[in-house]
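Inside the fold
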Amino acid sequence: SAPAGRASLPVSPQEKLVQVRDLALKHRLHLDPACLRALARLPFYKAKDLIDEVLLGGRDRRGVRNPSKYLMIGCQKMTSGLGVEQGLAMELAVSLGVVLNNDALDELASIPRKESRAIIHELANNPEASQDALEYIRAEVLRCRAQMDSRPWP
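Presented here is a report on the structure given in the accompanying data block. (Residues numbered from 1 in each chain as written. Predicted model: local features only at pLDDT ≥ 70, side-chain atom pairs only at ≥ 80, totals over all residues. Heavy atoms only, no water.)

1. Brief notes about the pattern of salt bridges
Under the convention used in this document: Salt bridges are defined by distance alone: a side-chain nitrogen of Lys or Arg within 4 Å of a carboxyl oxygen of Asp or Glu. Numbering of helices and strands runs from the N terminus; a helix is a DSSP stretch of H or I covering at least four residues, while a strand is a stretch of E covering at least two.
Within this structure, the stated rule accounts for nine salt bridges. Where Arg145 meets Glu15, a salt bridge forms, and the shortest distance between an N and an O atom there is 3.2 Å. Residue Arg145 is found in helix α9 (residues 133-150), and its partner Glu15 is found in helix α1 (residues 13-26); the two are separated by 130 residues along the sequence. One continuous salt-bridge network, built from bridges that share partners, spans Arg41, Asp103 and Asp106.

2. Some remarks on empty space enclosed by the protein
Stated precisely, the cut-off is as follows: The pocket and cavity definitions rest on a 1 Å grid over protein atoms only: a 1.4 Å probe that fits but cannot leave marks a cavity, an open set with protein on both sides within 12 Å along at least five of seven lines marks a pocket, and residues lining either have an atom within 4 Å of a point. Grid points are joined across faces, edges and corners, and a volume is the space filled by probe spheres set on the points. Gly is put with the polar residues, along with every residue not named as nonpolar or charged; the nonpolar set is Ala, Val, Leu, Ile, Met, Phe, Trp, Tyr, Cys and Pro, and the charged set is Asp, Glu, Lys and Arg.
Within the structure shown, the criterion is met by one cavity of 30 Å³ or more. Within this model, the largest cavity holds a volume of roughly 60 Å³. If you trace the largest cavity, you find it lined by Glu85, Leu88, Ala89, Leu92, Leu108, Ala109, Arg113, Ser116, Arg117 and Ile120. Sorting the residues of the lining of the largest cavity by element identifies α5 (84-96), α6 (102-109) and α7 (113-125) as the ones contributing at least two each. Its residues placed into classes, the lining of the largest cavity shows six nonpolar, one polar and three charged.

3. Some words on the state of the cysteines
Worth spelling out the cut-off: To count as a disulfide, a pair of cysteine sulfur atoms needs to be within 2.5 Å.
One pass over the structure, following the stated rule, counts zero disulfides. Of the cysteine sulfurs around Cys35, a residue in no disulfide, the closest is that of Cys75, at 5.9 Å.

Function cannot be inferred from these measures alone, as they are strictly geometric.
If you want it as structure tokens, here you go:
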């Protein structure tokens, strides 16, 4: 049973990575970390479809020699740019002179906009935080999600 406040939060990038990894391992596919990250960027149903395609032997159904490479190519074909929340975070970050990669933007998109904006402002104003922006963002997102999970049901 998940905490009551959890329903309003989207799945975090780390949680999605675990879901994709578990699905691959369930089918005895040992994928490299870069492939798992690429699959975790996609909506889960698309990642599942790609994994199913590998299990069926690829597009021509003759087998796939290198599942990680096959899936990476499939992910690249399916990637459609940033989502709405990632785009808004990127726009704010650029306006404040903060450089964020897609992993950081995905993390920020998994929490409410108000909190992600506060984290970006902190990165812009705090040189210590901006030393390793991704680690800072991950820590802050975890803290934010933990606080939201512990809130009583309204």
